[in-house]
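Commentary on secondary and tertiary structure
So the chains spell out like this:
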Amino acid sequence: MRQAKAPQPTTADSGPDSEDTALRRAVSGKLLYVFILGDVLGAGIYALVGEIAGEVGGAIWVPMLVALLLALLTAASYAELVTKYPRAGGSAVFAERAFGRPVVSFLVGFCMLAAGVTSAAGLALAFAGDYLSVFLDVPAVPAAVVFLLVVALVNARGIKESVRANVVMTVIEVSGLLLVVVLGAVVLGRGDGDVGRVVEFPEGVSAGSAVLAAAVLAYYSFVGFETSANVAEEVRDVRRVYPRALFGALLTAGAVYVLIGLVASIVLPSGELASSTGPLLTVVQATGIGVPDRLFSAIALIAVANGALLTMIMASRMVFGLAEQRLLPPALGAVLPGRRTPWVAIVLTTAVAMALTTVGDLGELANIVVLLLLLVFLSTNVSVLVLRRDRVEADHFTAPVVLPVLAIASCGLLLWQQEATTWLRSGLMLLVGVALYLLAQAPWWRGDRSRPAAGGPASRTAR
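The residue numbers shown here count from 1 along each chain, following its written sequence. For a predicted model such as this one, the threshold for reporting local features is a pLDDT of at least 70, and the threshold for listing and counting side-chain atom pairs is 80 or more; totals across whole chains, interfaces and linings nevertheless cover every residue. Where side-chain values are given, they derive from all heavy atoms of the structure, hydrogens and water being excluded.

1. Some remarks on the layout of surface pockets
One number sums up the size of the second largest pocket: a volume of about 510 Å³. Of the two site types, the cavity is a set of points on a 1 Å grid over the protein atoms alone where a 1.4 Å probe fits but cannot get out, and the pocket is an open set with protein on both sides within 12 Å along at least five of seven lines, each lined by residues with an atom within 4 Å of a point. As for the second largest pocket, its lining consists of 25 residues, and the residues nearest its centre are Phe110, Ala114, Val352, Met429 and Val432. If you list the elements that add at least two residues to the lining of the second largest pocket, you get α5 (102-127), α13 (293-324), α14 (343-356), α15 (362-386) and α17 (420-440). Here the lining of the second largest pocket gets 6 residues from one element, more than from any other, and that element is α5. Its residues assigned to classes, the lining of the second largest pocket comprises 20 nonpolar, 3 polar and 2 charged. Grid points are joined across faces, edges and corners, and a volume is the space filled by probe spheres set on the points. To qualify as a helix, a DSSP run of H or I must reach at least 4 residues; to qualify as a strand, a run of E must reach at least 2; elements of each kind are numbered from the N terminus. Residue polarity follows a fixed list, in which Ala, Val, Leu, Ile, Met, Phe, Trp, Tyr, Cys and Pro are nonpolar, Asp, Glu, Lys and Arg are charged, and the others, Gly among them, are polar.

Shown next as structure tokens:
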């Protein structure tokens, strides 16, 4: 992997970071690192350890490591394309440049948007579930709606304020995970636990099959890094700091996940982990050290809230990017005069997320999110190969060609593991996207009867 400068530019709109943008460049490299880390170290690890143990037995750390390697392959494609084309819109921008068809750009953007809003709805339900009931017994859906409203207000206040809130919440949720690791070390130090369980696989199933099945679940714990592509226009010196922040955050998360997997297996048998809906809380209780349930539940709630905030930041910026490309009504690109945040997009995405909390449970929503994001990743990994012929003037990160090729294969493998019902539900959402795109072709939808729809981000040379 290297930082490369192309010999001659052939595009006019890929200038330096100082190029004009309607958004404020307020995010530093350190804040970006924390932004990505907070999105990856979200609610997934607090809930999925038990599910992974049910698939792979005590060797939880193995699929965690495999999932990290698969995520790094796709991350290399994002690092190259974000530093090459640092515009809001993320994967939709890359698809339009690679394939030259607005419909492809729109559908990729819609997959990303649908996954983000669906994920936020699922996280809101998770927030309003068992962890919240430790403190307050209220109906789940109304609590989820109020939670999303609070997230929207923080999002509208500004990207800098949102990312700073993310810093605090990330520190807390990482502290909770480190607490589990420390407690596991104490258990091991006093001679309790069973180290041999970390290499145990379930009987009657090949180790390879068990690891692959568990890696699909573990992969969900690593998704979230892609949201950072949608704040590219708000990052200072994005071409220099983005690859460092991206890979650094993923490697940090991977190290924490592997340690959590080891500790969980040492402290508890895989059967007990698999039967628990709050596996890390069960691990903490099993250590017998006396950490209050309320304390750990509070940490879990903060982890869920952090993931929802970052997901809604991504979704609102995706709507902003599609509106800038005129693939959605231009009014959706409106920003607050003082805060310069996309307030109309925030209102829209929050309203949709609130509606989704009433029509599905957490498991159904999570399965849809994974499939939609794999389609987005597949498009991005193909795009990075297609766009190798496009040269830009500025220095940018360049990944060895073998990495996106392997990333394409990994996405295909994980898509093959998805169930038919998940494909059906995701397909219905994509049909909604197609209908929206067809509506967007009407002059009254674009808000401009004289000007044809823009061909996508490649047609924007300046704003």
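More follows now that the structure is in view.
2. Digging into a nonpolar patch on the surface
Side chains of Val134, Phe135, Leu136 and Val138 sit close together on the surface and give an oily, nonpolar patch of about 290 Å² of accessible area. Mapped onto the elements, Leu136 comes out in the loop between α6 (130-133) and α7 (140-157). What makes a patch is a set of residues exposed beyond 30% relative accessible area and free of salt bridges, joined within 9 Å when like-charged and within 5 Å when nonpolar (Val, Leu, Ile, Met, Phe, Trp, Tyr). Every accessible area reported is derived by Shrake-Rupley at a probe size of 1.4 Å, with residue values counting cover from the shown protein chains alone. The term salt bridge refers to a pairing of a side-chain nitrogen on Lys or Arg with a carboxyl oxygen on Asp or Glu at a separation within 4 Å.

3. Things to note about the confidence of the model for the chain
Confidence scores here are pLDDT values: one per residue, from the predictor, ranging 0 to 100. Per-residue confidence for the chain averages 81 on the pLDDT scale, and 87% of its residues sit at or above 70. Residues count as neighbours in contact if any of their non-hydrogen atoms are within 4.5 Å of one another. This stretch, residues 1-18, has a pLDDT under 50; its non-local contacts, to residues over four places away or in other chains, come to 52 contacts. Low pLDDT (under 50) marks residues 449-463, which in the prediction has 35 contacts with non-local residues, meaning those over four places away or in another chain.

4. What about the environment of Ala144?
Mapped onto the fold, Ala144 is located in helix α7. Given a relative accessible area of 0%, Ala144 falls into the buried group. Distance in space between the C-alpha atoms of Ala144 and Phe127 is 7.0 Å, their sequence separation being 17 residues. Excluding its chain neighbours within four sequence positions, the residues that come into contact with Ala144 are Ala124, Leu125, Ala128 and Thr357. Summary of the burial criterion: residues with accessible area below 20% of their type's maximum are buried, those above 50% are exposed, and those between are partly exposed, where the area comes from a 1.4 Å probe applied to protein chains only.

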